[in-house]
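Chain and residue survey
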Amino acid sequence: MSKLSNVGRELSRSKLGIGSWIVYDMGNTLFSAGIVGLVFPLWLTRDMSGNDSTFGFSLSLSMVIVFILSPIAGTISDITRRKMPFLVATTLIAIFATALIGVFNYEVSITLFCTAVILIHLANIFYNALLSDVSDESNVGYIGGLGVGVGYVGAIFAVVCGLLFYDTEGPVFLFKLMAILMFILVLPLFLLGKYSISEARVTEFRSLIETAIKQAFMSLWEARKKKVWAMFLFARFWYFSSIYAGSVFAVLYGVETVDLTEREVQLILAVGIVFGIPSGAIWGFLVDKYGAFLNLKLNVMAWFFILGLAALLPVMDLPAQLWWVVGVLAGVFMAGLYVSERPFVISMSEAHKVSEYFAVYNMVGRLAAISGPFAWGFISSTLGMGQVASITWLSMSAFIGFLVLLYAKSD
């Protein structure tokens, strides 16, 4: 039996089921692009007198918590054979926390932001695992690619909202507006999901937690036995730390180092998103035809060049028009990265351990998301070397990740 056709699915493979899974990604991307990548860093640095370190260390602290909770969350999902209840709970609380950012004082708002980031990333464990419910081995790349491509529409919503309301209504209004849009986009999946599964095992909560913690450490320990999986996880730490930090600091880098206006940065971001939408479907086709691992290596190599170009542009005083090239390439290869990763993780996992594998994958990603923003803030602000030095380090990290993937050989 195919590992993607396991029993106990919580979402049907109907067009409605697949469509609701794809639309959820729009809400997820809206949060990443609109809250983390655009509004919150500008609000923190412009309105609240924060800096790169404040933003970077807040993200790093959030990821420390996600790093600890990810394997536990994934294992609990596998033990209970449920994903939807956990997805609903984490997503709704994250949306509520997002809506309240800026309503209270500075410290509480940072806490709310961190809470939302933590819960959204935990929700992604359950969301990614649902890909095995709505796809099979013949179309996992295609459906995953549609999710990434259409998900970019959520980022367009974020940019449009920023262009329309940032100057007139302010960032606090945008936190509320984007939270409402997120709720609308995730609601179809919540309504179509199945919450009662006859095969689910009922376990005492304390025993469940103990089993989850034990299994989480076992998962990390067992990863070393599967060479390609272990090398992928090691490579992902390096390349994802660079890509994540580069994406969340892109707006601040454009405004503070490149001297672009906030409107110009948002327009470049929008162009990258527009190119990313069809790219998701194209990368999905390439994944199904040539395999996820080859496409993953191509995308990581591309990110080394993208980040390197972003570092060279202000240093060499190259034409400002090249920033549009950076934006387009970032949109295309961000889509390719996400489309390639999820099918590869599924190909590595056993049928009854999909959530567990995604939890370990997510755990390594969160470890990378701790180091990337922390390194940027430390190099740029704490050491006083500036943002160009930070993005140069990110390019080097992507190159290390590419070399590890190049050495590994997929089964």
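Residues numbered from 1 in each chain as written. Predicted model: local features only at pLDDT ≥ 70, side-chain atom pairs only at ≥ 80, totals over all residues. Heavy atoms only, no water.

Tallying secondary structure elements over the protein gives 15 helices and zero strands in all. Counting contacts in the protein only where the partners sit at least 6 residues apart, residues at least 24 apart contribute 85% of the total. When the accessible area of the protein is evaluated, it comes to approximately 16600 Å², of which 70% is carbon and sulfur surface. (Helix = DSSP H or I, 4+ residues; strand = E, 2+ residues; numbered from the N terminus. Contact = heavy atoms within 4.5 Å. Areas by Shrake-Rupley, 256 points an atom, 1.4 Å probe, with all protein chains shown as cover.)

Bringing helix H7 (residues 171-192) into the picture now. Counting along an α-helix, one turn takes 3.6 residues, and residues three or four places apart therefore face a common direction. With 22 residues, H7 extends 33 Å between its outermost C-alpha atoms, agreeing within 8% with the 32 Å of an ideal straight helix rising 1.5 Å per residue. Along its length, H7 reaches its greatest deviation from straightness, about 35°, at Val186, and the proline Pro188 lies no more than four positions downstream. Every buried residue of H7 is accounted for by Pro171, Leu174, Phe175, Leu177, Met178, Ala179, Met182, Leu185, Val186, Leu189 and Phe190. (Expected span 1.5 Å × (residues − 1). Bend = angle between axes of the 7 residues up to and from the residue. Buried < 20%, exposed > 50% of the residue type's maximum accessible area, 1.4 Å probe, protein only.)

With that out of the way, let us pick up a nonpolar patch on the surface. Together, Phe57, Phe374, Phe378, Leu383 and Met385 give the surface a local cluster of nonpolar side chains, amounting to about 470 Å² of exposed area. Its location among the elements puts Phe57 in helix H2 (residues 52-80). Residue classification places Phe57 among the partly exposed positions, given a relative accessible area of 30%. (Patch = residues over 30% accessible without salt bridge, like charges linked within 9 Å, V, L, I, M, F, W, Y side chains within 5 Å. Salt bridge = Lys/Arg side-chain N within 4 Å of Asp/Glu carboxyl O.)

The next thing to look at is the nonpolar core. Membership of the largest hydrophobic core comes to 130 residues, with the highest contact counts inside it found for Phe40, Phe55, Leu87, Phe113, Trp229, Phe232 and Tyr239. The element contributing the most residues to this core is helix H1 (residues 15-47), with 16 residues. With sequence-adjacent residues up to four places away left out, Phe232 is seen in contact with Tyr239, Leu296, Glu341, Phe344, Val345, Tyr361 and Leu405. (Core = buried A, V, L, I, M, F, W, Y, C linked by side-chain atoms within 4.5 Å.)

To continue, consider unusual backbone geometry. Even without being glycine, Asp259 reaches a positive phi, approximately 65°. Among the structural elements, Asp259 can be located in the loop between helix H10 (250-256) and helix H11 (262-290).

Our next topic: the packing of aromatic side chains. Taken as a whole and judged by the stated rule, the model has 27 aromatic pairs. Ring centres 6.0 Å apart and planes at 80° place the aromatic pair Tyr253 and Trp376 in the edge-to-face group. Of this pair, Tyr253 sits in helix H10 while Trp376 sits in helix H14 (residues 354-382), and the two are 123 residues apart along the sequence. Residues Tyr253 and Trp376 agree in their burial class; the two are buried. Where Phe304 meets Phe305, the ring centres are 5.0 Å apart and the plane angle is 55°; that geometry is what we call tilted. Overall, Phe304 belongs to the partly exposed group, its relative accessible area being 23%. Judged by relative accessible area, Phe305 falls into the exposed class, the value being 52%. Put simply, the rings of Phe40, Trp43, Phe55, Phe113, Phe175, Phe249, Tyr253, Trp323 and Trp376 touch in pairs and so form one group of aromatic residues. Taking the ring centre of Phe240 as reference, the NZ or CZ of Arg236 above it sits at 4.4 Å. Over the ring of Tyr361 we find Arg236; its NZ or CZ atom is 3.8 Å from the centre of that ring. (Phe/Tyr/Trp six-rings, centres within 6.5 Å; stacked < 30°, edge-to-face > 60°. Lys NZ or Arg CZ within 6 Å of the ring centre and 35° of its normal.)

Another aspect to go through is the confidence of the model for the protein. Averaged over all residues, the pLDDT of the protein is 83; the fraction at 70 or higher stands at 87%. Segment residues 1-7 is flagged for pLDDT under 50; beyond a separation of four residues in sequence, or across chains, it makes 16 contacts in the model. (pLDDT = per-residue confidence, 0-100.)

With that out of the way, let us pick up the side chain of Ser60. Here Ser60 is to be found in helix H2. Using a relative accessible area of 5% as the deciding quantity, one classes Ser60 as buried.

Of note, Ser242 is situated in helix H9 (residues 227-248). For Ser242, a relative accessible area of 0% translates into the label buried. Each C-alpha atom, one on Ser242 and one on Trp376, is 9.4 Å from the other, the two residues being 134 residues apart in sequence. Setting aside its immediate chain neighbours within four residues, Ser242 contacts Leu307, Leu394, Ser397 and Ala398.

What follows covers the environment of Leu122. Within the element layout of this structure, Leu122 appears in helix H4 (residues 106-129). Ignoring anything within four residues of it in the chain, the contact list for Leu122 reads Val66, Leu69, Ser70, Ala73 and Thr90.

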